[in-house]
Amino acid sequence: MNEIETLVACEEIRKVKAIYFRAMDTKQWDLLDGIFTQDIACDYRGALRSPDEPAAEDDDKDLVSGLAAVKDYIRTGLAPLISAHQGFMPEITIESDDSASAIWAMTDHLLLPDSPVREIIGYGHYHETYRKIAGKWRIATIRLTRLRVDFVSR
Amino acid sequence: MNEIETLVACEEIRKVKAIYFRAMDTKQWDLLDGIFTQDIACDYRGALRSPDEPAAEDDDKDLVSGLAAVKDYIRTGLAPLISAHQGFMPEITIESDDSASAIWAMTDHLLLPDSPVREIIGYGHYHETYRKIAGKWRIATIRLTRLRVDFVSR
Amino acid sequence: MNEIETLVACEEIRKVKAIYFRAMDTKQWDLLDGIFTQDIACDYRGALRSPDEPAAEDDDKDLVSGLAAVKDYIRTGLAPLISAHQGFMPEITIESDDSASAIWAMTDHLLLPDSPVREIIGYGHYHETYRKIAGKWRIATIRLTRLRVDFVSR
């Protein structure tokens, strides 16, 4: 890729990730169709605990792959909540004409109804890869790591 | 527009929006002169309530247009407060040589003096359009939508 | 610089700043080697107080310069804390082939162990300059200004 193509790819990947966040927070699940590969693979283990807390026994339920399963996982997890996801400071690397990777800093604010926990605030990073398919960049893998997770009581 | 011109336009629009935020938070009102069109039209209705709350009767006071009126509205609203606005994850679309649109995720933190409410934290999106006038991109319309608004008591 | 070179420089500077944040928050101090000039000069005075608070007598300890001293200052200050830095809305100006400047909006969340203060949340701006050395953009100066700093008790 030349410099212009690389810049265009970075711009497109930023936009794809922006749609990911907006889909989740505005609950427009159909927006997710256009931004994932068919074989999207997500590792959301540890999303809800600080790094110094032990893993849960059923942690593997947060390893999800395939477009239908990932869409269902996200919708099921986020539809009952008011969420606000913040993404910043991507480090995007274009690796070839049709593959790329990035690290994004992120914070999410989840507001829980009907729970002794009023709000969960998580700080961390998304580690992602992308593939360009039929002229469009799509998220191929997501791994979320955490710096800390705060639980705010009601 | 070719690819380079499009990339340059995206970069310029990001910078214009950055100045919008910095003007409000550092109270440098003169910075607003350079970033709006003369006929700037803003829809800030609903800025101070969560989406599930009913509209106020005087909601239309938050529909403001014209450079002088918008500058006055922003200055009057924000001068008494310490504010910190955060913008992220723009989805910018360049529509022609001199028109563009974007959606921005945003969070604002408003610190209120002399009020039983200590702080207002709002999460939402700016929906904006831009026009290029005399070689410079400017914000032409702003509409703010909210995911939630938190009021923190003193 | 032509338009493409300017866009590439902006992209590289964004990435350098992203590594700055990620190094601090993931405590990967070695990442700092690649992003500062040898004569990096930092002005972190006022980082821990709101603008209306008087300066501390020993404020000058937060003026640090030289790669080794700055790395040591950052590591000593941040290693004991869980930190999450957020950067947004850069206004980058490429001034020549090998010099640039930028203003970044920022928020940092510091979680303190063993202290009556549980958390410090700071809102402000980084004012920075950059130099391109041996083909790589590096941060040459940093000055942090604050809009407000919140101390949250345990």
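Residues numbered from 1 in each chain as written. Chains lettered and ligands numbered in written order. Predicted model: local features only at pLDDT ≥ 70, side-chain atom pairs only at ≥ 80, totals over all residues. Heavy atoms only, no water.

J.: Where do I start with the sheet that holds strand E1 (residues 36–43) of chain B in this structure?
T.: Within a beta sheet, neighbouring strands are joined by backbone hydrogen bonds and run either parallel or antiparallel to one another. Read from one edge to the other, the open sheet built from six strands follows the order E2-E1-E6-E5-E4-E3 (chain B), with strand pairing classed as mixed. Either end of the sheet is taken by a strand with one partner, and the two such strands are strand E2 (63–65) and strand E3 (82–96) of chain B. The average angle at which neighbouring strand axes cross in this sheet is 15 degrees, direction not considered. Strand direction decides the pairing type here: E1 of chain B and E2 of chain B, joined by three bridges, are antiparallel. Residue pairing in the sheet places Asp43 of chain B in a bridge with Leu63 of chain B of E2 of chain B. Contacting E3, strand E4 (99–111), strand E5 (117–133) and strand E6 (136–153) of chain B, helix H1 (residues 3–26) of chain A crosses the sheet at an angle of about 120 degrees to E3 of chain B. The sheet contacts of helix H1 (residues 3–26) of chain B involve E1, E3, E4, E5 and E6 of chain B, and relative to E3 of chain B the element is tilted by about 160 degrees. (Pairing = 2+ DSSP bridges. Helix = DSSP H or I, 4+ residues; strand = E, 2+ residues; numbered from the N terminus. Axes fitted to C-alpha atoms, helices over the stretch in contact; angles between N-to-C directions. Contact = heavy atoms within 4.5 Å.)

J.: Mind showing me how you'd approach the interface of chain A and chain B here?
T.: Interface size is commonly expressed as the accessible surface area that is lost when the partners come together. Counting residues at the interface gives 25 residues for chain A, matched by 19 residues for chain B. Overall, the association of chain A and chain B removes approximately 1,800 Å² of surface from exposure, summing both partners, and the carbon and sulfur fraction of that is 63%. If you sort the residues of chain A by the area they bury against chain B, Glu11, Lys15 and Arg22 of chain A come out on top, with a joint share of 27%. Taken together, chain A and chain B are joined by three salt bridges. Joining chain A to chain B, the criterion identifies seven residue pairs in polar contact (both at pLDDT 80 or more). For the side of chain A that touches chain B, the elements supplying multiple residues, two or more each, are H1, strand E3 (82–96), strand E4 (99–111) and strand E5 (117–133) of chain A. A total of 13 residues in the side of chain A that touches chain B trace back to one element, the largest contributor, which is H1 of chain A. (Buried area = accessible area lost by both parts, 1.4 Å probe. Salt bridge = Lys/Arg side-chain N within 4 Å of Asp/Glu carboxyl O. Polar contact = N/O pair within 3.5 Å; in protein donor to acceptor, adjacent residues only side chain to side chain.)

J.: I would appreciate a short explanation of the relation of the copies chain A and chain C in the present structure.
T.: What connects the two chain copies is a rotation about an axis and a shift along it. Of the transformation superimposing chain A on chain C, the axial component is 0.0 Å and the angular component is 120 degrees, with the fit at an RMSD of 0.0 Å. Taken together, the rotation angle and the small translation identify this as a three-fold axis. (Least-squares fit on C-alpha atoms with pLDDT ≥ 70 in both.)

J.: Any chance you could explain the interface of chain A and chain C here in plain terms?
T.: Listed per partner, the contact involves 19 residues of chain A and 25 residues of chain C. A combined buried area of about 1,800 Å² lies between chain A and chain C, and 63% of that area is made up of carbon and sulfur atoms. Broken down residue by residue, the surface that chain A buries against chain C is led by Met89, Glu91 and Arg148 of chain A, which jointly contribute 35%. Remark: the boundary between chain A and chain C carries three salt bridges. With its nearest N and O atoms 3.0 Å apart, the salt bridge here joins Glu119 of chain C to Arg148 of chain A. Connecting chain A to chain C are seven residue pairs in polar contact (both at pLDDT 80 or more). Of all the secondary structure elements, the ones that give two or more residues to the side of chain A that touches chain C are H1, E3, E4, E5 and strand E6 (136–153) of chain A. If one sorts the elements of the side of chain A that touches chain C by residue count, E3 of chain A sits on top with seven residues.

J.: Would you explain a negative patch on the surface in this entry?
T.: Taken together, the side chains of Glu3 of chain A together with Glu5, Glu12, Asp97 and Asp98 of chain C make up a negatively charged region of the molecular surface. As for its position among the elements, Glu12 of chain C is in helix H1 (residues 3–26). (Patch = residues over 30% accessible without salt bridge, like charges linked within 9 Å, V, L, I, M, F, W, Y side chains within 5 Å. Areas by Shrake-Rupley, 256 points an atom, 1.4 Å probe, with all protein chains shown as cover. Lys, Arg positive; Asp, Glu negative; His and termini not counted. Charge placed at Lys NZ, Arg CZ, Asp CG, Glu CD.)

J.: What should I look at first to understand helix H2 (residues 67–78) of chain C in this one?
T.: Along an α-helix, residues three or four apart share an orientation, since each turn contains 3.6 residues. Residue and element names in this part refer to chain C. Taking 1.5 Å per residue, 12 residues should reach 16 Å; H2 reaches 16 Å between its end C-alpha atoms and fits that length. Restricting attention to buried positions, one finds in H2 the residues Leu67, Val70, Lys71, Ile74 and Leu78. Here the buried residues of H2 occupy an arc of 100 degrees about the axis, which is enough to place them on one side. Projecting away from the buried face of H2 at angles above 90 degrees are the exposed residues Ala68 and Thr76. (Expected span 1.5 Å × (residues − 1). Buried < 20%, exposed > 50% of the residue type's maximum accessible area, 1.4 Å probe, protein only. Arc of directions from axis to C-beta.)

J.: Looking at this model, I keep getting lost on the pairing of E1 of chain B. Mind explaining?
T.: The two faces of a sheet get side chains in turn, since along a regular strand they alternate between them. Here four bridges tie E1 of chain B to E6 of chain B, and the two strands are oriented parallel to one another. Counted as the bridge partner of Phe36 of chain B is Ile139 of chain B from E6 of chain B.

J.: Just to check I follow, could you spell out the packing of aromatic side chains for this structure?
T.: Aromatic ring pairs are described here by two measures, namely the spacing of the ring centres and the angle between the planes. Residue and element names in this part refer to chain C. Tallying each qualifying case throughout the model produces 18 aromatic pairs over all chains. Here the aromatic rings of Tyr20 and Tyr126 are separated by 5.8 Å at their centres, their planes lie at 90 degrees, and the arrangement is edge-to-face. Of the two residues, Tyr20 sits in helix H1 while Tyr126 sits in strand E5 (residues 117–133), which places them 106 residues apart along the sequence. In terms of burial, Tyr20 and Tyr126 fall into one category: buried. (Phe/Tyr/Trp six-rings, centres within 6.5 Å; stacked < 30°, edge-to-face > 60°.)

J.: Sorry if this is basic, but what is going on with unusual backbone geometry here?
T.: The general pattern is negative phi for most residues beyond glycine and trans for most peptide bonds. Residues and elements named next belong to chain B. With a phi close to 60 degrees, Lys27 is a non-glycine residue in the positive phi region. Checked against the element boundaries, Lys27 lands in the loop between H1 and E1. Judged by relative accessible area, Lys27 falls into the partly exposed class, the value being 25%.

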